[in-house]
Each structure stands twice: as structure tokens, then as C-alpha cells.
Amino acid sequence: MLNIVLYGPPGAGKGTQSEKLVKAFNLVHLSTGDLLRDEISRATELGLKAKALMDNGILVPDEVVIGMIDNKISANPSAGGFIFDGFPRTIPQAEALDALLASRNEKVNGMIALEVPEQILRERLLSRGKISGRPDDQNPELIQKRIEEYQNKTAPVAGYYRNQGKYAGIDGVGEIEEIFNLISQEINKLQA
Ligand code: B4P
């Protein structure tokens with residue numbers, strides 16, 4: 001089994017690259033952002049609570065996203081592996097993912113981090129907001145809040161995997177195809 005954490009700040013290209021990677025490597029895509037937006041669109045109790053936080057650029061509580069990931073891993077018993085997109089976003093989430101995989105005799109093989117300067121993140125998110133209608137992509141102050149949440153709570157997750165020798169940084173600025181090729185090379189190394 002091949003388990004990859006695709007990591008980066010909001011707008012780094014995680015969702016964009018995940019779509020291509022799942023096809024190329026036959027992996028199951030688990031995006032906590034997509035799972036939360038699905039709950040919101042179905043107006044579930046969880047979705048209503050998550051919406052209030054996401055619309056303010058704040059991370060959803062760890063236990064909520066950990067429970068969602070646990071359910072999705074269990075729902076895919078024959079998966080050849082997973083791409084975790086936007087998860088883990090905090091150290092407790094990273095520890096919980098290790099425990100969830102260990103209980104199935106599996107592990108995270110590697111973290112691939114998309115490195116993108118803040119100004120480019122802001123431009124990408126605002127331009128997606130014009131097309132997607134996502135409320136969290138339309139307001140510069142909200143985008144700034146998401147970047148701050150990333151710096152305060154998510155940036156330490158890189159150190160967690162670096163300490164385990166599992167971190168690979170990729171330049172996330174450039175053509176989508178070029179970046180895909182760089183990520184694919186890293187995944188091929190993990191499979192070798
Ligand atoms: P996510 O859905 O994970 O959203 P994201 O970080 O904004 O997007 P992503 O990084 O996938 O977007 P992409 O770059 O592909 O999270 C949304 C919210 O959900 C969070 O703020 C939080 O509240 C909550 N949440 C999610 N997971 C959570 C967790 N684990 N714990 C707690 N809360 C959680 O795309 C961005 C744009 O850039 C697109 O328009 C794309 O076309 C463009 N783009 C991508 N690559 C490009 C390139 N190379 N060149 C030019 N443009 C590019």
C-alpha cells in the first residue's frame with residue numbers, strides 16, 4: 001500500500017494535483033476540504049457547524065476531520081493506497097493518522113510538500129473564487145486568515161514528517177503538468 005500526504009498552504013495546488021495523481025497511480029483521493037464541502041451541501045449537522053468555521057477561514061476541530069478520515073479509510077478496504085489532501089493539518093491530526101494506519105499495519109510512506117510564495121497563493125485563490133463561488137476564496141481578509149491558520153497550526157506538520165525522514169519539498173510554481181511530473185518522480189522513488 002502507498003500512502004502519500006500531499007501538503008501545502010491554501011491554494012498550493014493540492015486538489016489540482018491530487019486529481020491527476022489518483023488516476024496515474026491508482027490511489028484513492030481523500031480530501032478533507034471536499035468531504036466537508038459535501039457535508040455542507042447536504043446541510044448535515046456536521047456541515048452546518050463546519051460551514052461557520054470555514055466561512056471564517058478557521059480550521060474545523062481535529063476530532064471531526066479525524067472521524068471523517070477513519071470512516072473513509074474503512075470504506076475503502078481494497079484500496080492500493082491513499083492520497084491525503086489537506087489532511088493532516090495539525091500535529092494531533094498527524095498523530096491520529098499514524099495511529100489509524102498502524103492499526104491496519106500500514107504507514108505514511110511520504111509527505112510531498114508544494115512550496116508556493118504567499119502572494120501567488122492569494123492571486124490563485126481570488127481567481128478561483130471568481131469562478132467557483134467558494135465563499136472562502138472571495139475575500140482577501142479571509143484568505144489572509146487561512147494563510148495565518150496554516151502558519152500557526154499546519155506549518156509544524158512539515159517538521160513532524162521531516163523528523164521521520166519522510167519530507168520531500170517540490171516547487172509548486174510553474175505549469176501544472178511540470179509540477180505533476182516532479183511529484184510523480186518523488187512517488188516513484190517511494191515505490192522503488
Ligand atoms: P481545502 O479544500 O483543503 O482547500 P485549499 O487548501 O484552499 O485548496 P487546495 O490547495 O486544494 O487548492 P488548489 O491549490 O488545488 O480546505 C478548505 C477549508 O476546509 C480550510 O480552510 C479549513 O477550514 C477546512 N479544512 C479542510 N481540511 C481540514 C483539516 N484537515 N482540518 C481542519 N480543517 C480543514 O487550487 C487553488 C487554485 O490554484 C485553483 O484555482 C487552481 O486552478 C490554481 N492552481 C493550482 N495549481 C496551479 C499552478 N501550478 N499554476 C497556477 N494555478 C494553479
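To keep things clear, this report deals only with the structure shown in the data block.

## Considerations on the site of the ligand
Close contacts around the ligand come from 29 residues, with G13, T16, T32, R37 and R146 the closest. Within the side chain of T32, one N or O atom sits 2.8 Å away from a nitrogen atom of the ligand. Taking G86, its main chain carries an N or O atom lying 3.0 Å from a nitrogen atom of the ligand. Looking at the shell around the ligand, the elements that each hand over two or more residues are helix 1 (14–25), helix 2 (32–41), helix 6 (118–132) and helix 8 (176–191). Sorting elements by how many residues they give to the shell around the ligand places helix 2 first, with four residues. Here the residues of the shell around the ligand are counted per class, giving twelve nonpolar, nine polar and eight charged.

## Concerning the environment of P140
Looking at the secondary structure, you find P140 in helix 7 (residues 140–162). When its relative accessible area of 51% is taken as the criterion, P140 is described as exposed. Measuring from C-alpha to C-alpha, the distance between P140 and L125 comes to 9.0 Å, with 15 residues separating the pair along the chain.

## Concerning the pattern of salt bridges
Going through the model one piece at a time under the given rule, you end up with 15 salt bridges. For the salt bridge of R42 with E39, the shortest nitrogen-to-oxygen distance reads 3.6 Å. One salt bridge connects R128 with D137, and the closest N-O pair in it is separated by 2.6 Å. Look at D137 and you get buried, because its relative accessible area is 0%. One continuous salt-bridge network, built from bridges that share partners, spans R128, R134, D136, D137 and R146.

## Here we look at helix 3 (residues 45–54)
Every buried residue of helix 3 is accounted for by G47, A50 and M54. The buried residues of helix 3 occupy an angular sector of 65° when the element is viewed end-on, so they sit on one face. Away from the buried face of helix 3 by more than 90 degrees, exposed residues E45, L48 and K49 are located. Contact partners of the buried residues in helix 3: helix 2.

## Structural notes on the sheet that holds strand 1 (residues 2–7)
Strands sit in the order 2-3-1-4-5 across an open sheet of five strands; the sheet is parallel. Each of the sheet's edge strands pairs with one partner strand only, and the pair in question is strand 2 (28–31) and strand 5 (167–171). Here the average twist between neighbouring strands, direction ignored, is 20°. In terms of strand pairing, strand 2 meets strand 3 (residues 81–85) through four bridges, oriented parallel. Within strand 3, the residue paired with L30 across the bridge is F84. Across the sheet, helix 1 is in contact with strand 1, strand 2, strand 3 and strand 4 (110–115); its angle to strand 3 comes to roughly 165°.

Calculation rules
- Residues numbered from 1 in each chain as written.
- Predicted model: local features only at pLDDT ≥ 70, side-chain atom pairs only at ≥ 80, totals over all residues.
- Heavy atoms only, no water.
- Near = heavy atom within 4 Å.
- Polar contact = N/O pair within 3.5 Å; in protein donor to acceptor, adjacent residues only side chain to side chain.
- Helix = DSSP H or I, 4+ residues; strand = E, 2+ residues; numbered from the N terminus.
- Nonpolar A, V, L, I, M, F, W, Y, C, P; charged D, E, K, R; others polar.
- Buried < 20%, exposed > 50% of the residue type's maximum accessible area, 1.4 Å probe, protein only.
- Salt bridge = Lys/Arg side-chain N within 4 Å of Asp/Glu carboxyl O.
- Arc of directions from axis to C-beta.
- Contact = heavy atoms within 4.5 Å.
- Pairing = 2+ DSSP bridges.
- Axes fitted to C-alpha atoms, helices over the stretch in contact; angles between N-to-C directions.

Honestly, that's just the spatial picture; any functional story needs more than this.
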